[in-house]
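Per-entry structural report
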Amino acid sequence: MRAGLPYNTRNPELLALAHRARARLQQFQQTPSNATVPRLQILRELLGQVGEGAWIEAPFFCDYGAHISIGAHTFVNMNVVMLDAADITIGSKVLIGPGVQLLTISHPLALADRLPADWTPGNGQSPYVTTASPIVVSDGAWIGAGSLVLPGVTIGAGAVIGAGSVVTSDVPPGMLAFGNPCRVQRAV
């Protein structure tokens, strides 16, 4: 899965990791925002790495959590979704606006490739083919509210993504990019 190869989303090990994440997320959502020590402890149990001074607003959602790394002094606003079948690496001093989605998961476009004809219910396999590619958000980047970052994208250090953008390709360091699809507009 983390190597970018097709994987079975119904694998028992992955399901156990997802259920563990759901339990930690429920704890996190129910912990008051002023209970900073318990909130940080829950995040450290949920995520692969949480840097000093990082802050995530509830509600927050992720698939597994274990494949997410968040750098020091990064702020993740409310209603952020991170589908972390592949690694999601977020640098230090990053701003992530409300409603942002970091989506590492993809499926083949062709119906025959996406939904194999030989699939049968109850065989322990997912009925659809799934792959994942990592996302990197470098130090000092800012992703505006409601933006979608698609699989395999790297956002460079200090780059700014305008609100509501659909980021389908890499954004170089220090650039302002926005739109659907997101395009580099100018240097910051």
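To be clear, the structure that these remarks concern was listed above.
What this report covers is the structure whose coordinates are included nearby. (Residues numbered from 1 in each chain as written. Predicted model: local features only at pLDDT ≥ 70, side-chain atom pairs only at ≥ 80, totals over all residues. Heavy atoms only, no water.)

**Focus: the sheet that holds strand β9 (residues 101-103)**
Within the open sheet, the five strands sit side by side as β3-β6-β9-β14-β17. Their pairing is parallel. Each having just a single partner strand, β3 (60-62) and β17 (166-167) make up the two edges of the open sheet. (Pairing = 2+ DSSP bridges. Helix = DSSP H or I, 4+ residues; strand = E, 2+ residues; numbered from the N terminus.)

**So, the environment of V153**
Along the chain, V153 turns up in the loop between β14 (148-149) and β15 (154-155). Judged by relative accessible area, V153 falls into the buried class, the value being 1%. Sequence-wise, V153 and D87 are 66 residues apart; in three dimensions their C-alpha atoms are separated by 11 Å. (Buried < 20%, exposed > 50% of the residue type's maximum accessible area, 1.4 Å probe, protein only.)

**Considering the pattern of salt bridges**
Overall, the coordinates contain three salt bridges when judged by the stated rule. Here D87 makes a salt bridge to R2, at a shortest N to O gap of 2.6 Å. Linking D87 in the loop between β6 (80-83) and β7 (88-90) with R2 in the segment before α1 (12-30), this pair joins segments that are 85 residues apart in sequence. Residue D87 is classed as partly exposed on the basis of its relative accessible area, which comes to 30%. (Salt bridge = Lys/Arg side-chain N within 4 Å of Asp/Glu carboxyl O.)

**Things to note about helix α2 (residues 36-46)**
For α2, every residue scored as buried is listed here: R39, I42, L43 and L46. Viewed end-on, α2 has its buried residues packed into an arc of 100 degrees, placing them on one side of the element. (Arc of directions from axis to C-beta.)

**Description of the pairing of β6**
The side chains of a regular strand alternate between the sheet's two faces. Taken together, the three bridges between β3 and β6 define a ladder with parallel strand orientation. Looking across to β6, one finds that F61 is bridged to V81. Where β6 lies against β9, three bridges are found, and the strand directions are parallel. Paired with M82 across the strands is L102, a residue of β9.

**Quick notes on unusual backbone geometry**
Backbone torsion omega between A58 and P59 reads 0 degrees, so that peptide bond is classified as cis. Tracing the backbone shows P59 in the loop between β2 (55-56) and β3. Residue P181 is reached from N180 by a cis peptide bond, and omega for that bond is 0 degrees. Relative to the helices and strands, P181 is located in the loop between β18 (175-179) and β19 (182-187). Positive phi, close to 60 degrees, is recorded for H73, a residue that is not glycine. As for its placement among the helices and strands, H73 is situated in the loop between β4 (68-70) and β5 (75-76). Of note, K93 is a non-glycine position whose phi angle comes to about 55 degrees, a positive value. Mapped onto the fold, K93 is located in the loop between β7 and β8 (95-96).

**Topic: the sheet that holds β4**
Taken in spatial order, the five strands line up as β1-β4-β7-β12-β15 in an open sheet, and their pairing is parallel. Two strands close off the open sheet at either side, each with one partner strand: β1 (49-50) and β15. The pairing of β1 with β4 spans two bridges and is classified as parallel. Along β4, the bridge assignment pairs Q49 with S69.

**Some words on the side chain of S126**
The topology assignment puts S126 in the loop between α3 (111-114) and β11 (131-132). There is a polar contact of 3.1 Å between the side chain of S126 and the backbone oxygen of Y128. If near-sequence neighbours (up to four positions away) are discounted, S126 is found in contact with N8, T9, R10 and W119. (Polar contact = N/O pair within 3.5 Å; in protein donor to acceptor, adjacent residues only side chain to side chain. Contact = heavy atoms within 4.5 Å.)

**Thoughts on the layout of surface pockets**
Here the largest pocket defines a volume of roughly 170 Å³. Lining the largest pocket are 13 residues, with T9, A18, R22, D63 and Y64 sitting closest to its centre. Counting residues per element, the lining of the largest pocket draws most heavily on α1, which supplies five residues. Across the lining of the largest pocket, the residue classes break down as seven nonpolar, four polar and two charged. (1 Å grid on protein atoms, 1.4 Å probe; cavity = no way out; pocket = protein on both sides within 12 Å on 5 of 7 lines; lining within 4 Å. Points joined across faces, edges and corners; volume = space filled by probe spheres on them. Nonpolar A, V, L, I, M, F, W, Y, C, P; charged D, E, K, R; others polar.)

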